[in-house]
Every structure is written in C-alpha cells, then in structure tokens.
Amino acid sequence: MSVVALIDFDPATGEATGFHLGDAEEPQLLVTDLAATRGDGIFETASLAHGHVHALEAHLARLAQSAAMLQLPEPDPAVWRAAVEAVGEALTAQGVDEGAVKFVLTRGVEGGSTPTGWVYGTASPDFSRERTEGVRIVLLDRGYRHDVPQTAPWLLAGAKTLSYAVNRAALREAARRGAEDVLFTSSDGYLLEGPTSTLLLRHGRRLVTPRVDLGILAGTTQADLFTWAEAEGYETGYELLTPADLASADAAWLVSSVRHVAPVRAVDGVARAVDRELSDRLNAALLARVR
Ligand code: PLP
C-alpha cells in the first residue's frame, strides 16, 4: 500500500504551485534528476498513526533549514503541508494505521532550473520488537570533529540530504559486528546521533540529548519527547556527551519518527539495562499525538 503526490512547479519561476496525486507503482523520475545522479536534494520522513501525521510543522521547518544549507529554493510550506496531509489521508483511507510519509525536494534535472518534489507514503513495518526489546548498537567514528559545522560548512553536517549511502554503510558495519544500529561519535570523542535517529539518555529524573550544534539533526521525535517529559516533571537538557555518559546512564534510547523509541540494550557487545516501563510510556506518548 503506497501513495505518491507530485509537487507542481512553475517552470518559469521555479515556484511550487500545488500538487497532484500520481500512481505510486509507475515511474515518476527522470534518469537525469540530480537526486538520482548526485544525491543532490533533501528529505524528511514523518510518521503517520491513527490518521495523524506527526510533528509536521517541525519537519517543514527542518526541510526549510536543509534547503537553505544546500541553497535550494525555499520550499513553500503551504504546498508541502497540503501534499503531506493529502498523502496521509489517502494512506489512512487505504486502511494504513501506522505509516511513513517521506517528502523529497531535489535540485531537478541536470542543466535545468526547476526543482523536483514529491511526497511518498507507505505502511510501516512492524517495529514492536525494537520498541520493547531494544537494539544492540556499536559506536562508530564519523570522522569529523564536533565543530565541523563551523570549520567545514560545505560538508553539510546537520542537513538532511539524500546522500545517505554513508549511513547505510555504517548500518552494514553494525550488522557485521552483530548489532542492529549505530551511534556515531565525533573524531574527538563526543556522542553524535544514529544514522537515522537521535540519542536520548536518562540519568535519574533528567533526560539529555547531544547538543544540535555538533553537525547533527535536531530531532523532531526527541523534541516531542522532551515536551512530554517536561510535563511529567523530568528535567531535560542538550549537552556535550561522551561514551562515559552513555555507560553511566540509567537508560539509553535511539529515537526517530517512524520506529519511535528503541531502547539500547547493548553497546559494543556489552549488555546494558533497559528501562522497559519508561520505553513503553514514551512510545505510547508518541503514538497518542494528534499533530
Ligand atoms: N538523525 C538522523 C541522521 C536522521 O536521519 C534522523 C531521522 O531520520 C534523526 C536523527 C531523527 O529525526 P526525527 O526524530 O525527526 O525522525
């Protein structure tokens, strides 16, 4: 079950004018699109549950931020919001209860000046095992210092670009080492993020996540979890964290839009405690969102 909406652009101005639903089983992209030939574009993936697309405004804001970093035309939030909502509604009408809605903006075909954009929605796989039993992770060096956004902004650290081949390679390395997921570290030893997730640690009644000025994505899921946790009386914070902080944490999770909260149950082959009760409450809070 899948749905696609194609964004319409005015070829004269390059501005988005609206969208139309397409056939998700039919080819929609030219082989010369820079998304396909160079990975030159950006994307967002939002979760859909019980008829609601989650954190859409935060995803639209991050799409705009990525566009600015890549000097792509500013995405028109009204057009993208309407297209994402339409795809969410069409998926829900097909009977999808939990799904993923991915929206992509590319630099368009080579030599042209009109961007390409689409929204693709599909049913989610069953993540119940990862959400309850958790994942084994390995720490992998990303190869950049923690201050790379300041020293080498052209590396686009912190933009959600389509160039995820490195992130996929890291996951294959994790599998080779008998784990399911990865936590990247900076070359100078700070905890960063997963290839598709944000790290969350609990020390007592305090939840912390790595600072977002380290060239990592500002997680929309983590932001919603902090809002929930603060209402529950937890302290929250953005910090410079090291592997020692991970080792001493009472609990650790990788959190992301579609899989939601996955407790970390082992790091580099060493088992660690899982907070099943809080994991369940965090996942329930995410699934209960209506926006
Ligand atoms: N970091 C990276 C590199 C990601 O790709 C993602 C999501 O795919 C995240 C963090 C988590 O972000 P979000 O919670 O907005 O899905």
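Cut-off values and rules
Residues numbered from 1 in each chain as written. Predicted model: local features only at pLDDT ≥ 70, side-chain atom pairs only at ≥ 80, totals over all residues. Heavy atoms only, no water. Helix = DSSP H or I, 4+ residues; strand = E, 2+ residues; numbered from the N terminus. Rg over C-alpha atoms; globule rule 2.2 N^0.38 Å. Buried < 20%, exposed > 50% of the residue type's maximum accessible area, 1.4 Å probe, protein only. Contact = heavy atoms within 4.5 Å. Areas by Shrake-Rupley, 256 points an atom, 1.4 Å probe, with all protein chains shown as cover. Axes fitted to C-alpha atoms, helices over the stretch in contact; angles between N-to-C directions. Parallel < 35°, antiparallel > 145°, perpendicular 65-115°, else oblique. Left-handed = near helix turned anticlockwise from the far one by under 90°. Pairing = 2+ DSSP bridges. Expected span 1.5 Å × (residues − 1). Arc of directions from axis to C-beta. Patch = residues over 30% accessible without salt bridge, like charges linked within 9 Å, V, L, I, M, F, W, Y side chains within 5 Å. Salt bridge = Lys/Arg side-chain N within 4 Å of Asp/Glu carboxyl O. Near = heavy atom within 4 Å. Polar contact = N/O pair within 3.5 Å; in protein donor to acceptor, adjacent residues only side chain to side chain. Nonpolar A, V, L, I, M, F, W, Y, C, P; charged D, E, K, R; others polar. Domains from an automatic or database assignment. Buried area = accessible area lost by both parts, 1.4 Å probe. 1 Å grid on protein atoms, 1.4 Å probe; cavity = no way out; pocket = protein on both sides within 12 Å on 5 of 7 lines; lining within 4 Å. Points joined across faces, edges and corners; volume = space filled by probe spheres on them.

**Student:** Just to check I follow, could you spell out the overall build of the protein for this structure?
**Tutor:** Within the protein, the regular secondary structure consists of nine helices and 14 strands. Its C-alpha atoms give the protein a radius of gyration of 19 Å, near enough to 19 Å, the size a compact globule of 291 residues would have. Seen through its C-alpha atoms, the protein measures out along the principal axes to roughly 55 × 45 × 35 Å. When the 291 residues of the protein are sorted by exposure, 50% land in the buried category. A fraction of 71% describes how many contacts in the protein between residues 6 or more apart in sequence connect residues 24 or more apart. Summed over all atoms, the accessible surface of the protein reaches about 13,300 Å², with 52% contributed by carbon and sulfur.

**Student:** What exactly am I supposed to notice about the packing of helix H2 (residues 56-69) against helix H3 (residues 77-93) here?
**Tutor:** Helix-helix packing is characterised by the crossing angle of the two axes and by the distance between the axes. The geometry of H2 relative to H3 is characterised by a closest axis approach of 11 Å and an angle of 135° between their N-to-C directions. Here H2 lies oblique to H3, going by the angle between them. Like other packed secondary-structure pairs, H2 and H3 cross with a definite hand, here right-handed. Each of Leu56, Glu57, Leu60 and Leu63 in H2 lies in contact with H3, whose residues at this interface are Pro77, Trp80, Arg81, Val84 and Glu85.

**Student:** Is there a simple way to explain the sheet that holds strand E2 (residues 16-22) in this structure?
**Tutor:** Each strand in a sheet pairs with its neighbour through backbone hydrogen bonds, running either in the same direction (parallel) or in the opposite one (antiparallel). Pairing is antiparallel in the open sheet, where six strands are placed in the order E2-E1-E6-E5-E3-E4. The open sheet has two edge strands with one neighbour each: E2 and strand E4 (52-53). Here six bridges tie strand E1 (residues 2-9) to E2, and the two strands are oriented antiparallel to one another. When the sheet's bridge partners are listed, Val4 is paired in E2 with Gly22. Packing against the sheet, H2 makes contact with strand E3 (41-49), E4 and strand E5 (98-106), and its axis sits at approximately 175° to E3.

**Student:** Any chance you could explain H2 here in plain terms?
**Tutor:** Compared with the 20 Å implied by 1.5 Å per residue over 14 residues, the 20 Å span of H2 between its first and last C-alpha is a close match. Residues of H2 that are buried: Leu56, His59, Leu60, Arg62, Leu63, Ser66 and Ala67. For H2, the angular spread of the buried residues around the axis is 165°, confining them to a single face. Immediately downstream of H2, the backbone of Gln71 shows phi near 50°, a positive value.

**Student:** Can you help me understand a nonpolar patch on the surface in this one?
**Tutor:** On the surface, Tyr144, Trp154 and Leu155 cluster together into a nonpolar patch covering about 340 Å² of accessible area. Here Tyr144 shows up in the loop between strand E7 (135-141) and helix H5 (148-151).

**Student:** Just to check I follow, could you spell out the site of the ligand for this structure?
**Tutor:** Lining the immediate surroundings of the ligand are 16 residues, of which Tyr164, Glu193, Thr220, Thr221 and Ser257 lie closest. In this structure, an oxygen atom belonging to the ligand sits 2.6 Å away from a side-chain N or O atom of Tyr164. A distance of 2.6 Å is found between an oxygen atom of the ligand and a side-chain nitrogen or oxygen belonging to Thr220. Coverage of the ligand by the protein amounts to 94% of the 390 Å² it exposes when considered alone. Looking at the shell around the ligand, the elements with two or more residues in it are H2 and helix H7 (220-231). Tallied by class, the residues present in the shell around the ligand amount to three nonpolar, ten polar and three charged.

**Student:** Please explain the domain arrangement of the protein as it appears in this structure.
**Tutor:** A common way to report how large an interface is uses the accessible area buried once the components associate. Segmentation of the protein into domains returns domain 1 (2-124) and domain 2 (129-287). At the interface, 25 residues of domain 1 touch 20 residues of domain 2. A buried area of about 1,700 Å², summed over both sides, lies between domain 1 and domain 2, and 62% of it is on carbon and sulfur atoms. Among the residues domain 1 hides against domain 2, the three largest losses belong to Phe43, Arg62 and Met69. Together they make up 33% of the total. At the boundary of domain 1 with domain 2, the tally comes to one salt bridge. Put simply, Arg131 and Glu98 hold a salt bridge, and the shortest N to O gap is 2.9 Å.

**Student:** What exactly am I supposed to notice about the layout of surface pockets here?
**Tutor:** Over the atoms a probe the size of a water molecule is rolled, and this reveals where empty space is left. Considering only enclosed or pocket space, the second largest pocket measures out at about 260 Å³ in volume. Lining the second largest pocket are 16 residues, and of these Gln28, Leu29, Asp33, Thr116 and Gly117 sit closest to its centre. Looking at the lining of the second largest pocket, the elements with two or more residues in it are E1 and strand E6 (116-123). When residues in the lining of the second largest pocket are grouped by element, the largest group, five residues, is from E1. Here the lining of the second largest pocket is built from residues that sort into nine nonpolar, five polar and two charged.

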